[in-house]
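Chains, contacts and geometry: an overview
The lines below spell out each chain.
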Amino acid sequence: MEKYLVASFPWSSDMGNEVANTLGLNHVTLETKQFPDGGESYIRYPIDITTYEGLILIQRAYPEQNNRLIQTMLAIHAARDMGIKNIHIVLPYLPYSRQDKRFRDGEPISLNTILSLLSLLGASSLITVDVHKPDAFKAPNMRCINVEPFDLYAGKIGNVSNAVLLSPDIGSLWRVKKVSEYLGIPFSYLEKFRDRVTGGRLP
């Protein structure tokens, strides 16, 4: 039995190829379409995946977050149903991760909802990039891995002088601090106030 297969959705095939080439694994692009009567998602593995023990599934979940989450869930369930034991999900952008606590009575904690669904479907691990709140990124029976690309952010900024890094709010101050450590420049933050009903920023 072959150990691992890399599978990606069509709009993520470049990433799938790069991951597969780096790891020396086979790569396949999933078939996808929308049913015409209501827009429901269809996915299909175009090869026999039952010869593999594990799967690395790659999905760019932005834009069309809702559709792409459903596609991901269908792909996880299909792989598990066909006997894949280890399923590792790569979602560089994790939809609904910004609702990581309950601000008003009656709200769901959307991050927990998504993580619980992926875990219940059988995902072994979930890998994302710079999740909104790393301390909240956890789920039972599923390893949650947050990639922090602060060295890449610093590299994009390059050599600067007489500059200050600003965080849009105090909650992201730790991110700016880490980037500033690479660049050796000072940092600070802005104060932000939101309307808890509309979600909009207050003047």
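Structure report, in brief.

Glancing now at the overall build of the protein. Helix and strand counts for the protein come out as 5 helices and 10 strands. Taking the principal axes of the C-alpha coordinates as reference, the protein spans close to 55 × 45 × 35 Å. In the form shown here, the protein has an accessible surface area of approximately 12000 Å², with 53% of it arising from carbon and sulfur atoms. Separation between the mean location of the 22 positive side-chain charges and that of the 21 negative ones in the protein comes to 4 Å.

Attention now moves to the packing of aromatic side chains. Tallied over the entire structure, the rule returns 5 aromatic pairs. Where Phe9 meets Trp11, the ring centres are 6.0 Å apart and the plane angle is 15°; that geometry is what we call stacked. The exposure class of Phe9 is buried, given its relative accessible area of 0%. Judged by its relative accessible area of 29%, Trp11 falls in the partly exposed class. Between the aromatic rings of Phe150 and Trp174, the centroid separation amounts to 5.6 Å while the plane-to-plane angle is 85°, which identifies the pairing as edge-to-face.

All right, on to the side chain of Asp100 then. Turning to its location among the elements, Asp100 is positioned in the loop between β6 (86-90) and α3 (110-121). The side chain of Asp100 sits in the buried core without any salt bridge; Lys133 is the nearest counter-charge, 4.8 Å away. A polar side-chain atom of Asp100 sits 2.9 Å from a polar atom in the side chain of His132. In this structure, Asp100 is in contact with Ile109, Leu111, His132, Lys133 and Ala136, ignoring residues within four places of it in sequence.

Taken as a whole, helix α1 (residues 13-23) has its buried residues at Met15, Gly16 and Ala20. Seen end-on, α1 carries its buried residues on one side only, within an arc spanning 130°. Of the exposed residues in α1, the ones pointing more than 90 degrees away from its buried face are Glu18, Asn21 and Thr22. Packing partners of the buried residues in α1 comprise β1 (2-8), β2 (26-29) and β5 (52-58). Just beyond α1, the residue with positive phi is Gly24, at close to 70°.

Here we take up the sheet that holds β6. The strand order β2-β1-β5-β6-β7-β8 describes an open sheet built from 6 strands, whose pairing is parallel. Here the strands that pair on one side only, and so sit at the sheet edges, are β2 and β8 (143-147). Pairs of neighbouring strands in the sheet enclose a mean axial angle of 20°, with direction left out of account. Sheet topology places β1 next to β5; 6 bridges connect them, and they run parallel. Bridged to Glu2 within β5 is Tyr52. The strands touched by α1 within the sheet are β1, β2 and β5, with β2 carrying the most contacts at an inclination of about 165°.

Tyr62 connects to Pro63 through a cis peptide bond whose omega is 0°. Its identity is not glycine, yet Asn162 carries a phi of approximately 50°, on the positive side. Checked against the element boundaries, Asn162 lands in the loop between α4 (150-157) and β9 (165-167).

Rules used throughout
- Residues numbered from 1 in each chain as written.
- Predicted model: local features only at pLDDT ≥ 70, side-chain atom pairs only at ≥ 80, totals over all residues.
- Heavy atoms only, no water.
- Helix = DSSP H or I, 4+ residues; strand = E, 2+ residues; numbered from the N terminus.
- Areas by Shrake-Rupley, 256 points an atom, 1.4 Å probe, with all protein chains shown as cover.
- Lys, Arg positive; Asp, Glu negative; His and termini not counted.
- Charge placed at Lys NZ, Arg CZ, Asp CG, Glu CD.
- Phe/Tyr/Trp six-rings, centres within 6.5 Å; stacked < 30°, edge-to-face > 60°.
- Buried < 20%, exposed > 50% of the residue type's maximum accessible area, 1.4 Å probe, protein only.
- Salt bridge = Lys/Arg side-chain N within 4 Å of Asp/Glu carboxyl O.
- Polar contact = N/O pair within 3.5 Å; in protein donor to acceptor, adjacent residues only side chain to side chain.
- Contact = heavy atoms within 4.5 Å.
- Arc of directions from axis to C-beta.
- Pairing = 2+ DSSP bridges.
- Axes fitted to C-alpha atoms, helices over the stretch in contact; angles between N-to-C directions.

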